[in-house]
Amino acid sequence: MAFGDLLEQVGSTGRFQILHVTLLCIPVLMMASHNLLQNFVAAVPLHYCSAHTNLTQSQLSPEETLLITVPLDQKGKPYRCLRYVVPQWHLLDKNGTSMSEEQGDTRDDLQGCTDGWSYNMTEMSSTIISDWQLVCDLRSLKQMGQTIYMGGVLVGAVIFGGLSDRYGRRILLLISNLLMAVAGTCAAFSASFPLFCLFRFGCGMALSGLGLNTFSLIVEWIPTRVRTGVGTLTGYCYTLGQLILAAIAYFIRDWRWLTLTVSLPFYVFFLYSWWFHESSRWLVLRNKSDQAITNLKSVAKFNGRHEEGDKIDMKMLQESMKKEMSCSQGSYSALDLFRTPTMRTMTVCLSAVWLSTSFAYYGLSMDLQKFGVDIYLIQVIFGAVDIPAKVVVTVSMSFVGRRPSQCGALIIAGVTILINLLVPYEKQTLRTCLAVVGKGCLAASFNCCYLYSGELYPTIIRQNGMGWVSMMARVGAMVAPMVLLVGDHIPWLPGLIYGGAPILSGVAAIFLPETLGSPLPDTIQDVEDRGSGRGSKIPPKETIILQDTQANLLKQAA
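About the thresholds
Residues numbered from 1 in each chain as written. Predicted model: local features only at pLDDT ≥ 70, side-chain atom pairs only at ≥ 80, totals over all residues. Heavy atoms only, no water. Helix = DSSP H or I, 4+ residues; strand = E, 2+ residues; numbered from the N terminus. Buried < 20%, exposed > 50% of the residue type's maximum accessible area, 1.4 Å probe, protein only. Contact = heavy atoms within 4.5 Å. Areas by Shrake-Rupley, 256 points an atom, 1.4 Å probe, with all protein chains shown as cover. Disulfide = S-S within 2.5 Å.

1. So, the overall build of the protein
Turning to step 1, where the next piece is worked out: If you tally the helices and strands in the protein, you get 24 helices and four strands.
Turning to step 2, where the next piece is worked out: Within the span of the protein, comprising 558 residues, buried residues form 52% of the whole.
Turning to step 3, where the next piece is worked out: Look at the contacts in the protein between residues 6 or more apart in sequence, and 79% of them connect residues 24 or more apart.
Turning to step 4, where the next piece is worked out: Surface exposure of the protein reaches about 24300 Å², of which carbon and sulfur atoms provide 63%.

Here's what the structure looks like:
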């Protein structure tokens, strides 16, 4: 009897699993809200230098004040970071003669915004940009804030990943929910930008802990045959979360209240997370078999299988775990990903795929204002496009293959981003459509590379492999916001980088082997044999290429 058989005995798809998965999926809806929160709390409103102090009591209209205070750029639009040293009164005179003889012609004498900035807050009531004056010389701090958040996601993956294997999934899930709630609340009440970044870093750490332990608890309490369906459902919860964020942000225009609104639900998630059962698989591996038996009997009782639950004893549990651990002999590290030629080539190519996918995905998703369209509408469109994209790539992977699907998604995404560079800014509809296609292809690429990577890596080192490529994705997400800063000097360069990276990684993916219809490799030697063309000697296994792989993939999907 394997552990899966033991799970079937207590009810593998009963009331417990339905409630268990549902409660675990609800927080996933709010994870997107924190990942993409920067689009709204750090939206940059139209701003100009504030008027000179001697104009504050004048009877001029706002348009007239702007005319004599701020010069126009080459496009005929007011400068955002420069103003005249003295008001240009002669600009109010239609005949072009000066209204103030003593001031003379000083239109070429410009200075910075020494009296601060005035903001057009028709779209938002407040943002961190307007509250802390993160414009002009300080505009790079906006992107740094998102980079710091993504740094928290990376650090959280390292810390919570190790701690969950040592102390359990349930306790780390509780800590992650509480950390997200507290850090999010503190971020909402931050008195300064450095404090805001500190608490957002905590939110990033919590996000990793939530993702890792949520998916671990899901896959370790459900049978293999439903893992693909449940994994897909969980992915769509994140997609739906993007739409929920747009709706919340539309009705809450103050950044503090918005941050607080998407953080408060985690207090509720923390409270009901006490109900979750610790993974019995993990308990047995940590020599806590008594607690594992108690949990299994509790699940059997919840599913209405009292008699089957009473039959479970220590001997039955230990026998089931012997077979569960039969393929996990030996000790391996991340260095084994690079020791042999085929593994090395595969890891380098997969690293490029994951890094560029995440890099371009967040490069597009975190700069919605550049499209010139209402940011709430484009957030809805960007979220909704993930739904058909994931359906199409799932069908493509099943019938065309993993490799062409992965290459195609990346190359099409890169090409659409590059084409967008050639479209004039005024053609907003066309620019938005191209961006949506690109974003959908990147979402499809994410969906593909989770499955593809799990099928490429051998069983004995699959967790290390998935951990490595997931780390590459987080590095890409960290770097993406900083590339936007280059656009201040060379406007077309960020688009070239965001478009070029997926194309290059799409080409790199050509060197990966196809896995459609192939059995999962168990050892590094199996991978080397496949790479050398000798073919794998492993016998065909059950239909786990799409199913059993999910157990490994979803744990790394934070």
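2. Digging into the environment of Leu442
Turning to step 1, where the next piece is worked out: You can see Leu442 is positioned in helix H20 (residues 428-456).
Turning to step 2, where the next piece is worked out: Remark: the alpha-carbon pair of Leu442 and Leu410, spanning 32 residues in sequence, is separated by 6.5 Å.
Turning to step 3, where the next piece is worked out: Those residues in contact with Leu442, other than ones at most four positions away along the chain, are Thr357, Ala360, Tyr361, Leu364, Ala413 and Pro502.

3. Some points on the state of the cysteines
Turning to step 1, where the next piece is worked out: A full pass over the atoms with the stated rule returns two disulfides.
Turning to step 2, where the next piece is worked out: The disulfide partner of Cys49 is Cys113, and the gap between their sulfur atoms is 1.8 Å. Here the disulfide of Cys49 and Cys113 is left-handed, its torsion about the S-S bond being about -60 degrees. Note that Cys49 is positioned in strand S1 (residues 47-49) and Cys113 in the loop between strand S3 (110-111) and strand S4 (117-119), a separation of 64 residues in sequence.
Turning to step 3, where the next piece is worked out: Given the relative accessible area of 12%, Cys113 is considered buried.
Turning to step 4, where the next piece is worked out: Put simply, Cys81 and Cys136 are joined by a disulfide, and their sulfur atoms are 2.0 Å apart.

4. Some details on unusual backbone geometry
Turning to step 1, where the next piece is worked out: Of note in this structure, Gln133 is not a glycine but carries a positive phi near 55 degrees.
Turning to step 2, where the next piece is worked out: Tracing the backbone through its elements, the reader meets Gln133 in the loop between helix H5 (128-132) and helix H6 (140-167).
Turning to step 3, where the next piece is worked out: On the accessibility criterion, Gln133 (29% relative accessible area) is partly exposed.

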